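Structural overview for review
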Amino acid sequence: MILSPTEYLRVGRLVSTHGIRGEVRILPDTDFPEERFAPGSQLLLQHPSLSEPLLLTVEKGRPHKNVWLVKFAEWSNINEAEPYKGGRLVVSIRDAVPVQEDEGEYYFYQIIGCDVFTTDGRHLGQVREILQLPANDVWVVRPKDKGKEILLPYIDDVVKQVDTEEKRITIEWMEGLE
């Protein structure tokens, strides 16, 4: 069973094994890897070979280059970990690390699906995707008339207000956004 995106947050992808004692390489998809891969943390593994997500408990974890090396208590050797390469590690949305919305911090799931309006009240469409670029995130807005997508840089000059409860974003229109 694959959990719906509204039920979980993806925290990493199991990309390969490491050594023979069941340790794995995790490509993190979280801003909080130190917490997610800390000893005692529990993660759910989703994999096409599993009918239900598999609960795993982190025994130890450490950063290594661009991945995290993680040893789960449930696996003692490479043969137990090997079948799950390519699996996704998730946590319940209820276990999300709190973010500072008043300081402009949001989870992607809070922004995707929000309606975007200009400061003069014009409805532009809905946020459908978030691109993570070196300078800043860019919110991809699909216009209500199904025209060309609008790329909104997530910067103070453009994004004026975000109301995640109302799923409404107010922006200052700038030349070049279309």
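For the structure, see preceding data.
Residues numbered from 1 in each chain as written. Predicted model: local features only at pLDDT ≥ 70, side-chain atom pairs only at ≥ 80, totals over all residues. Heavy atoms only, no water.

1. Some words on the overall build of the protein chain
Rules: Helical segments are the DSSP runs of H or I of at least four residues, strand segments are the runs of E of at least two, and each set is numbered from the N terminus. Burial classes: relative accessible area under 20% of the type maximum marks a residue as buried, over 50% as exposed, and values in between as partly exposed (1.4 Å probe, protein chains only). By the convention used here, residues are in contact when the closest approach between their heavy atoms is within 4.5 Å. Here the open area of atoms and residues is found with the Shrake-Rupley method and a 1.4 Å probe, where only the protein chains shown may cover a residue. Working convention for charge: Lys and Arg count positive, Asp and Glu count negative, and His plus the chain ends are omitted. Note on charges: their place is set at NZ of Lys, CZ of Arg, CG of Asp or CD of Glu.
A count of helical and extended segments in the protein chain gives three helices and twelve strands. Summarising its shape, the C-alpha atoms of the protein chain cover approximately 60 × 30 × 25 Å along the three principal directions. Scored against the burial criterion, the 178 residues of the protein chain give a buried share of 39%. Of all intrachain contacts in the protein chain linking residues separated by at least 6 positions in sequence, the fraction that spans at least 24 positions is 49%. For the protein chain, the accessible area works out to roughly 10400 Å², and carbon and sulfur atoms hold 48% of it. Computing the positive centroid from 21 side-chain charges and the negative centroid from 30, the protein chain places the two 8 Å apart.

2. Things to note about the nonpolar core
Cut-off, in case you're wondering: By convention a nonpolar core is built from buried Ala, Val, Leu, Ile, Met, Phe, Trp, Tyr and Cys residues, the set being connected through side-chain atoms within 4.5 Å.
In terms of nonpolar packing, the biggest core is built from 21 residues, with Val-24, Ile-26, Leu-43, Val-70, Phe-72, Trp-75 and Leu-89 touching the most fellow members. Beyond its immediate stretch of four places on either side in the chain, Trp-75 contacts Leu-14, Arg-21, Gly-22, Val-24, Leu-45, Leu-54, Leu-56, Glu-80, Ala-81 and Tyr-84.

3. Looking at the sheet that holds strand E3 (residues 42-46)
Spelled out, the test is: A pair of strands is labelled paired if DSSP reports no fewer than 2 bridges between them. Note on definitions: angles span 0 to 180 degrees between N-to-C directions of axes, and those axes are lines fitted to C-alpha atoms, for helices only across the stretch in contact.
With antiparallel pairing, the six strands of this closed barrel are ordered in space as E1-E2-E5-E4-E3-E6. If you compare each strand with its neighbour and ignore which way they point, the axes differ by 50° on average.

4. Regarding the sheet that holds strand E10 (residues 150-153)
Across the sheet, six strands lie side by side as E10-E9-E8-E7-E12-E11; this open sheet has mixed pairing. Each end of this open sheet is capped by a strand with a single partner; those strands are E10 and strand E11 (159-163). Adjacent strand axes in the sheet meet at a mean angle of 35° when their direction is disregarded. Relative to strand E12 (residues 168-171), strand E7 (residues 115-118) runs parallel, the two sharing four bridges. Across the sheet, Val-116 pairs through a bridge with Ile-169, a residue of E12.

5. Observations concerning the pairing of E12
Taken together, the four bridges between E11 and E12 define a ladder with antiparallel strand orientation. Opposite Gln-161, over in E12, you have Thr-170 as the bridge partner. Count of turn residues in the E11/E12 antiparallel hairpin: four residues, of which Lys-167 carries a positive phi of about 55°.

6. A few points about the pattern of salt bridges
Inclusion rule: One side-chain nitrogen of Lys or Arg within 4 Å of one carboxyl oxygen of Asp or Glu is enough to make a salt bridge.
Throughout the structure, instances matching the rule amount to four salt bridges. A salt bridge links Glu-149 to Arg-142, with the shortest nitrogen-to-oxygen separation between them at 4.0 Å. Overall, Arg-142 belongs to the partly exposed group, its relative accessible area being 36%.

7. Details of the pairing of strand E9 (residues 137-143)
For E9, the buried fraction is high: five of the seven residues fall into the buried class. Pairing analysis gives seven bridges linking strand E8 (residues 123-132) to E9, with the strands arranged antiparallel. The partner of Leu-131 across the bridge, within E9, is Val-138. Adjacent in sequence and paired antiparallel, E8 and E9 are bridged by four residues. With four bridges connecting them, E9 and E10 associate as antiparallel partners. Residue Val-141 lies in a different strand from E10, and its bridge partner there is Ile-150. Connecting E9 to the antiparallel partner E10 that follows it, the hairpin turn spans six residues, and Lys-146 within it adopts a positive phi of roughly 60°.

8. Some thoughts on a negative patch on the surface
For the record, the criterion: Only residues whose relative accessible area exceeds 30% and that form no salt bridge enter a patch; like-charged residues are grouped when within 9 Å of one another, and nonpolar side chains (Val, Leu, Ile, Met, Phe, Trp, Tyr) when within 5 Å.
On the surface, a cluster of negative charge is contributed by Asp-31, Glu-101, Asp-102, Glu-103, Glu-105, Glu-165 and Glu-166. Take Glu-165: it is sitting in the loop between E11 and E12. Classification of Glu-165 by relative accessible area gives exposed; the value is 72%.

Geometry only, nothing functional implied.
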